[in-house]
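# Commentary on secondary and tertiary structure
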Amino acid sequence: MAGYEFPERKRVVDPSSPAAEPTDEAACTSRDPAFLHGVVVGFDGSTSSERALAYAVGMATRSNCGLIIVHVANRLPTTVWAGCEPPALVDVPDHRTEILGLELACADNLSEVPWVLLERGGDICHELEEVGQEYQADAIVVGTTHGLLGRLFGSVSGRLARRAQRPVVVIP
């Protein structure tokens, strides 16, 4: 094999010590093994997220792993609603996840790969990276932001590529 091979890293823990931390395998036993080391994709139903989903399906199929589809629900500052202090956030009911789940269940291209749809609330970059950490994802796939707001405030894909601890694939 060309390149550098990482030596196996085994963690030695004394089972009799009370301060023994659970290993990564023990922390992940509640998750389906099909989704560990899977591909995380951000999906909101837009055209660019549909292209990102199609690419992520291909990645998951080639890697023989699961697909973790993440929809991040909107959270708005309460100043919009009641004039409160800016740090307070309110959850806006987002029924789009249910609609997206029904659309995805009927999609033909998802029949080839095991997939799960997760709904999260908050900052999109933070939530995608959190899901990536929880599932020990091999990559995060997102679509690009087209428009003036993305150019003014920075796109989700750009912020995620700078912050993420795993590879980020940005689909135009």
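Residues numbered from 1 in each chain as written. Predicted model: local features only at pLDDT ≥ 70, side-chain atom pairs only at ≥ 80, totals over all residues. Heavy atoms only, no water.

### What about the overall build of the protein?
- Across its full length, the protein carries six helices and seven strands.
- In the protein, the succession of α and β elements from N to C terminus is α-β-α-β-β-β-α-β-α-β-α-α-β.
- Residues classed as buried in the protein amount to 33% of the 172 residues present.
- If you sum the accessible surface of the protein, you get close to 11100 Å²; carbon and sulfur atoms cover 56% of it. (Helix = DSSP H or I, 4+ residues; strand = E, 2+ residues; numbered from the N terminus. Buried < 20%, exposed > 50% of the residue type's maximum accessible area, 1.4 Å probe, protein only. Areas by Shrake-Rupley, 256 points an atom, 1.4 Å probe, with all protein chains shown as cover.)

### A closer look at the nonpolar core
- One finds V39, V41, L53, L67, I69, L110 and V141 to be the most contacted residues of the largest nonpolar core, which totals 19 residues.
- Looking at this core, the elements that each hand over two or more residues are β1 (39-42), α2 (47-63), β2 (67-73), α3 (96-105) and β6 (139-143).
- Setting aside residues no more than four positions away along its own chain, V41 makes contact with A52, L53, A56, L67, I68, I69, V70 and V141.
- Membership of the second largest hydrophobic core comes to 16 residues, among which are F35, V40, A137 and A164. (Core = buried A, V, L, I, M, F, W, Y, C linked by side-chain atoms within 4.5 Å. Contact = heavy atoms within 4.5 Å.)

### A look at the environment of I69
- Its location among the elements puts I69 in strand β2.
- Distance in space between the C-alpha atoms of I69 and D44 is 9.6 Å, their sequence separation being 25 residues.
- With residues up to four places along the chain from it excluded, the contact list for I69 reads V41, F43, L53, L104, L110, W115, V116, L117 and L118.

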